Protein chains: 2
Amino acid sequence: MSGQTHAPAALLANELFGGSRLSVARRAIAEAVRSLGGAFTAEELHEAVASSREGIGVATVYRAVAAMTAAGSLAPVGSRKGSTLYALCAGGDHHHHLVCTGCGTVVGIACPVDGSLMRSAEDAGYTVTAHEVTLYGLCAACTRARD
Amino acid sequence: MSGQTHAPAALLANELFGGSRLSVARRAIAEAVRSLGGAFTAEELHEAVASSREGIGVATVYRAVAAMTAAGSLAPVGSRKGSTLYALCAGGDHHHHLVCTGCGTVVGIACPVDGSLMRSAEDAGYTVTAHEVTLYGLCAACTRARD
DNA sequence: TCCTTAGTGAGAATCATTCTCAGATGAACG
DNA sequence: CGTTCATCTGAGAATGATTCTCACTAAGGA
Ligand SMILES: [Mn+2]
Ligand SMILES: [Mn+2]
Ligand SMILES: [Zn+2]
Ligand SMILES: [Zn+2]
């Protein structure tokens, strides 16, 4: 996972939405998610889906994003200008994300929360129940483009 | 820093706001920040400050939070019900936070982003420019209270 | 004390996200 | 295939956190 190009695997609308119902709108949304490639906001997804099918409401997009996130195929990866950023996430093993602030590309990274950190938390009397880790940076192309 | 009780150090309104002007409202806000102890939302801070001085506008509290955050004495530590959570943060060394979801207590933790993680990011062609790490859990008292 | 400018309070404005509701349609079942 | 009905959908209203505007006040250095 570490440093690998967080591959989209299947991308069948089918799987993206888990067990939920497969509508025309959701198929178009799944297609738009694929076309975007990297991280995106709900609004950007809404615009992208408009190119393949008109008239899909913004509420439907928000609901679809929630469904995909619940299904584990989408993960929130930070925020941009007040809107939450989402990206495709091949579930399975526990990992985190490195997001290119230039183009939105996302790669999975290994979880850095190790035993030593957990131990120091326990020493402080805490029981750790969850954690968030996200890295930001520039991908090879964006680093190059910046000169 | 690791596992230590993220001590408030001085807490003089003076230092909390960095170089900015010291008004009556901000002195009351600084006092309220101290009284809250743990993590809080802007709205909670607004309510808390009302007890020591009436009539302070919510916009003033938001501006004060922004000023303290800019000064490095406050840090965002996640969110609760849609509102950003802030907590006192003794600046200085690079560290992250472990927040008790029960009572809002916050302790500093060592940064787990190590060379190996950076190296794998570089292997993927990325230049890492920033990162966010936050742990959530229950402090000793809240763990006990939960039976 | 005077002057300049940052800070203040009220309320309007933004704006992402959620909710409401009546109508459409997946998909399971016979 | 039709029937059925819970799930989806679209439009627009509602929500709610945060920011902005603006006229006014008051730090605090000179
Ligand atoms: Mn992932
Ligand atoms: Mn801190
Ligand atoms: Zn992890
Ligand atoms: Zn760090």
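A. How the structure looks around the protein's contact with DNA strand D. Taken together, the neighbourhood of DNA strand D is formed by 21 residues, with S23, T60 and R63 of chain A together with L22 and Y62 of chain B sitting nearest. Within 4 Å of the protein, the atoms of DNA strand D are drawn from sugar and phosphate moieties in a proportion of 67%. Taking T60 of chain A, its side chain carries an N or O atom lying 2.3 Å from a phosphate oxygen of DNA strand D. R63 of chain A places a polar side-chain atom, nitrogen or oxygen, 2.7 Å from a base nitrogen of DNA strand D. Secondary structure elements with two or more residues in the surface near DNA strand D: α2 (24-36) and α4 (58-70) of chain A together with α4 (58-70) and β2 (83-88) of chain B.

B. How the structure looks around the protein's contact with DNA strand C. The immediate surroundings of DNA strand C are formed by 21 residues, with L22 and Y62 of chain A together with S23, T60 and R63 of chain B found nearest. The separation between a phosphate oxygen of DNA strand C and a polar side-chain atom of R26 of chain B is 3.2 Å. Within the residue set of the surface near DNA strand C, elements represented by two or more residues are α4 and β2 (83-88) of chain A together with α2 (24-36) and α4 of chain B.

C. Examining the coordination of the zinc ion (ligand 3) more closely. All names here are of chain A. The coordination sphere of the zinc ion (ligand 3) contains the protein donors H94 (NE2), H96 (NE2), C111 (SG) and H131 (NE2), at a distance range of 1.9 to 2.2 Å. Metal-centred angles of 104 to 114° between the four donor atoms at the zinc ion (ligand 3) mark the site as tetrahedral. In the primary sequence, the donor residues of the zinc ion (ligand 3) line up as H-x1-H-x14-C-x19-H. In this pair, H94 is assigned in the loop between β2 and β3 (96-100) and H131 in strand β5 (residues 127-138), connecting sequence segments 37 residues apart.

D. Geometry of α4 of chain A. Residue and element names in this part refer to chain A. The terminal C-alpha atoms of α4 lie 18 Å apart, and with 13 residues this matches the ideal 18 Å at 1.5 Å per residue to within 8%. Restricting attention to buried positions, one finds in α4 the residues V61, A64, V65, A67 and M68. All buried residues of α4 fall inside an arc of 165° around its axis, so they share one side. Of the residues in α4, the exposed ones pointing more than 90 degrees away from the buried face are R63 and A70. Those residues of α4 that are buried are in contact with α1 (13-16), α2, α3 (42-50), β1 (74-80) and β2. Note on α4: the residue one or two positions beyond its end, G72, has a positive phi of about 85°.

E. Representation of the sheet that holds β5 of chain A in the model. Strand order in the open sheet formed by six strands is β4(A)-β3(A)-β5(A)-β5(B)-β3(B)-β4(B), and the pairing between neighbours is mixed. Looking at strand neighbours, the two that pair on one side only are β4 (106-109) of chain A together with β4 (106-109) of chain B, the edges of this open sheet. Pairs of neighbouring strands in the sheet enclose a mean axial angle of 25°, with direction left out of account.

Rules used in this analysis
Residues numbered from 1 in each chain as written. Chains lettered and ligands numbered in written order. Predicted model: local features only at pLDDT ≥ 70, side-chain atom pairs only at ≥ 80, totals over all residues. Heavy atoms only, no water. Near = heavy atom within 4 Å. Polar contact = N/O pair within 3.5 Å; in protein donor to acceptor, adjacent residues only side chain to side chain. Helix = DSSP H or I, 4+ residues; strand = E, 2+ residues; numbered from the N terminus. Donors = N, O, S within 2.8 Å, 3.2 Å for Na, K, Ca; no water. Tetrahedral: all angles 85-135°; square planar, octahedral: opposite > 155°, others 65-115°. Expected span 1.5 Å × (residues − 1). Buried < 20%, exposed > 50% of the residue type's maximum accessible area, 1.4 Å probe, protein only. Arc of directions from axis to C-beta. Contact = heavy atoms within 4.5 Å. Pairing = 2+ DSSP bridges. Axes fitted to C-alpha atoms, helices over the stretch in contact; angles between N-to-C directions.

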